Amino acid sequence: MKKLTRLIYEDMRPALGVTEPGAIAFAVAKAKEHVTGDLRQIRLVLNSGMYKNAFTCGIPHSREAGNEYAAALGYVAAVASRGLECLDGVRSADNRRAKALVHAGLIQVQMGAVSSRIYIHAEITTSNGEASVTIEDSHTHVTQIRENGRVVYESDKARSDHAAVVVPAIHRYTLRRLLHYAETVPADEIAFIRQAYDMNLALFRQAMESKRTTFARHLLERNGGKTISDDEQTTASLLCNAAIEARVLGLSCPATSITGSGAHGIIATLPLYASQQVHHYTEEQLLRATVLSFLVCMYIKEYSGRLSAFCGGYVSLND
């Protein structure tokens, strides 16, 4: 597998709902694995981008939103081994338990540094002790785990504020080289990218079937009542924005994320699918275009940071 293929393969991940609530739930669930006893308190410290992105976004299998509920559901129902899909098993009883924790004041959320660098510190205190998990730089990258103040795990790649500047792997390539790779990489080596379309289109279909979405139906009307019309732009707008609406509402289908963002994964794929359908390009042409789309997105995000002040999809598109 070529180096650029591996970069894409390792970056493409399923993400259920908005990525930030999933990351918060994952951090809390991971900390819970390291402590027993009756819950006394869950304390979160989040960087500004993490805090902002999870503040008003829906949570999968729940009608609730925000940092506190993401943490509460992470404690009562999340399965840490499932990463950003950790909330897939949430049920009605879990929502009731999470709501009780929030109303009891057991969840405390604090905004830490104003930064685009991902940071989550989740600390659980119980009748038997405490445990904490620290996540940095990507949504599930655990850099430290503590049990009762003792470090039991620390990542070899954990960075300090004084760490040497490392050139991201993607920045070792020029745009010309990225384009050459997209045009010449063996087709069978990038066939796995088809999974991104299977997943993101399933999310789109859920948006069209759900009674909770509103913008999606408006866009369908603008596209003449058709999923695929002769208008490339309105078709792309429908596919892309309906999937994003479903994701922000917290509907149950995951999106394929790129650079840690489900919105990026949607925006990097579904407009290309619209173009393919309208102009009848081959699947190989679609996958090669997606390779370049993913790589350019990854290149940009190493400059802008994984959590920007505005919607990351907007930032990347306008860059």
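Novice: Help me understand the packing of aromatic side chains, please; the structure alone is not making it clear to me.
Specialist: Each aromatic ring pair is described using two quantities: the centre-to-centre distance and the angle formed by the ring planes. Counted according to the given criterion, the structure contains 3 aromatic pairs. The ring of Y75 carries the charged tip of K32 above its face, separated from the ring centre by 4.4 Å.

Novice: Even after reading the chapter, I still don't get the pattern of salt bridges, so can you show me in this structure?
Specialist: It is possible for side chains of opposite charge to pair when their charged atoms get near one another. This structure, assessed with the given rule, holds 9 salt bridges. We note a salt bridge from D88 to R82, for which the minimum N-O separation is 3.2 Å. The exposure class assigned to D88 is partly exposed, which follows from its relative accessible area of 26%. Take R82: its relative accessible area is 39%, and that puts it in the partly exposed class. Between R117 and D137 there is a salt bridge whose closest N-O contact spans 2.7 Å. In this pair, R117 is assigned in the loop between β3 (107–111) and β4 (119–126) and D137 in the loop between β5 (129–136) and β6 (142–147), connecting sequence segments 20 residues apart. Under the relative-accessibility criterion, R117 is labelled partly exposed at 27%. Relative accessible area serves as the criterion here: at 16%, D137 is assigned to the buried category. Through salt bridges with shared partners, one network takes in R117, E136 and D137.

Novice: Mind showing me how you'd approach the sheet that holds β6 here?
Specialist: Note: strands within a sheet are paired through backbone hydrogen bonds, in either parallel or antiparallel orientation. Reading across the sheet, the 6 strands line up as β3-β2-β4-β5-β6-β7 and stay open at both edges, with mixed pairing between neighbours. Taken across any chain shown, the strands that pair with only one partner, and hence form the sheet edges, are β3 and β7 (150–154). Taking the axes of each pair of neighbouring strands and ignoring which way they run, one obtains an average angle of 15° across the sheet. With 5 bridges joining them, strand β2 (residues 39–46) and β3 adopt parallel strand pairing. Within the sheet, the bridge partner assigned to L44 lies in β3 and is V109. Where helix α3 (residues 48–55) meets the sheet, its contacts fall on β2, β3 and β4, and the angle it forms with β3 comes to roughly 125°.

Novice: I keep staring at helix α2 (residues 19–32) and nothing clicks. Help me out?
Specialist: Helical periodicity: at 3.6 residues per turn, an α-helix aligns residues three or four positions apart in one direction. End to end, α2 covers 20 Å across 14 residues, agreeing with the expected 20 Å (1.5 Å per residue, within 8%). Most of α2 sits inside the fold, with 12 of its 14 residues counted as buried. Burial in α2 covers these residues: T19, E20, P21, G22, A23, I24, A25, F26, A27, V28, A29 and A31.

Novice: Where do I start with the packing of α2 against α3 in this structure?
Specialist: For any two helices packed against each other, one specifies the inter-axial angle together with the distance between the axes. Axis separation between α2 and α3 bottoms out at 7 Å; the angle between their running directions is 110°. Taken together, the axes of α2 and α3 lie roughly perpendicular to each other. Of the residues in α3, those touching α2 at E20, P21, A23 and I24 are M50, N53 and A54. Residue classes in the contact of α2 with α3 are distributed as 5 nonpolar, 1 polar and 1 charged.

Novice: I would appreciate a short explanation of unusual backbone geometry in the present structure.
Specialist: Negative phi characterises most residues that are not glycine, and trans characterises most peptide bonds. Of note in this structure, D137 is not a glycine but carries a positive phi near 75°. A positive phi is found at N148, a non-glycine position, where the angle reads about 50°. Taking relative accessible area as the criterion, N148 reaches 54% and is therefore assigned exposed.

Novice: Looking at this structure, how should I read the pairing of β6?
Specialist: Strand residues, when the strand is regular, have side chains that alternate between the two faces of the sheet. Alignment of β5 against β6, held across 5 bridges, turns out to be antiparallel. Bridge pairing in β6 places A131 opposite E147. Count of turn residues in the β5/β6 antiparallel hairpin: 5 residues, of which D137 carries a positive phi of about 75°. Two elements, β6 and β7, share 4 bridges in a ladder whose sense is antiparallel. The partner of R146 across the bridge, within β7, is V151. Hairpin remark: β6 followed by β7, antiparallel, with 2 residues in the connecting loop; positive phi at N148, about 50°.

The rules behind these values
Each residue is numbered by its place in its chain's sequence as written, counting from 1. In keeping with the predicted nature of the model, local features appear solely for residues at pLDDT of at least 70, side-chain atom pairs appear and are counted solely at 80 or more, and the whole-chain, interface and lining totals rest on all residues. Note: side-chain values were computed over all heavy atoms of the structure, leaving out hydrogens and water. To pair, rings of Phe, Tyr and Trp, with the six-membered ring standing in for Trp, must have centres within 6.5 Å; the planes then decide the type, stacked if under 30 degrees apart, edge-to-face if over 60, and tilted in the middle. Should the NZ of a Lys or the CZ of an Arg lie within 6 Å of a ring centre and within 35 degrees of the ring normal, that charge is described as sitting over the ring. Any Lys or Arg side-chain nitrogen located within 4 Å of an Asp or Glu carboxyl oxygen qualifies as a salt bridge. Here's how the labels work: a residue is buried when its accessible area is under 20% of the maximum for its type, exposed when over 50%, partly exposed in between, all with a 1.4 Å probe on protein chains only. Working definition: helices are DSSP H or I runs of at least four residues, strands are E runs of at least two. Numbering for both runs from the N terminus. At least two bridges found by DSSP between two strands are what make those strands a pair. Only the contacting stretch of a helix is used when fitting its axis, a line to C-alpha atoms as for every element, and angles between N-to-C directions run 0 to 180 degrees. What makes two residues a contact is simply this: any of their non-hydrogen atoms within 4.5 Å. Every helix has an expected span of 1.5 Å times one less than the residues it contains. Here is the rule for angles: anything less than 35 degrees is roughly parallel, anything more than 145 is roughly antiparallel, 65 through 115 is roughly perpendicular, and the remaining ranges are oblique. Polar here means any residue other than Ala, Val, Leu, Ile, Met, Phe, Trp, Tyr, Cys and Pro, which are nonpolar, and Asp, Glu, Lys and Arg, which are charged; Gly is therefore polar.

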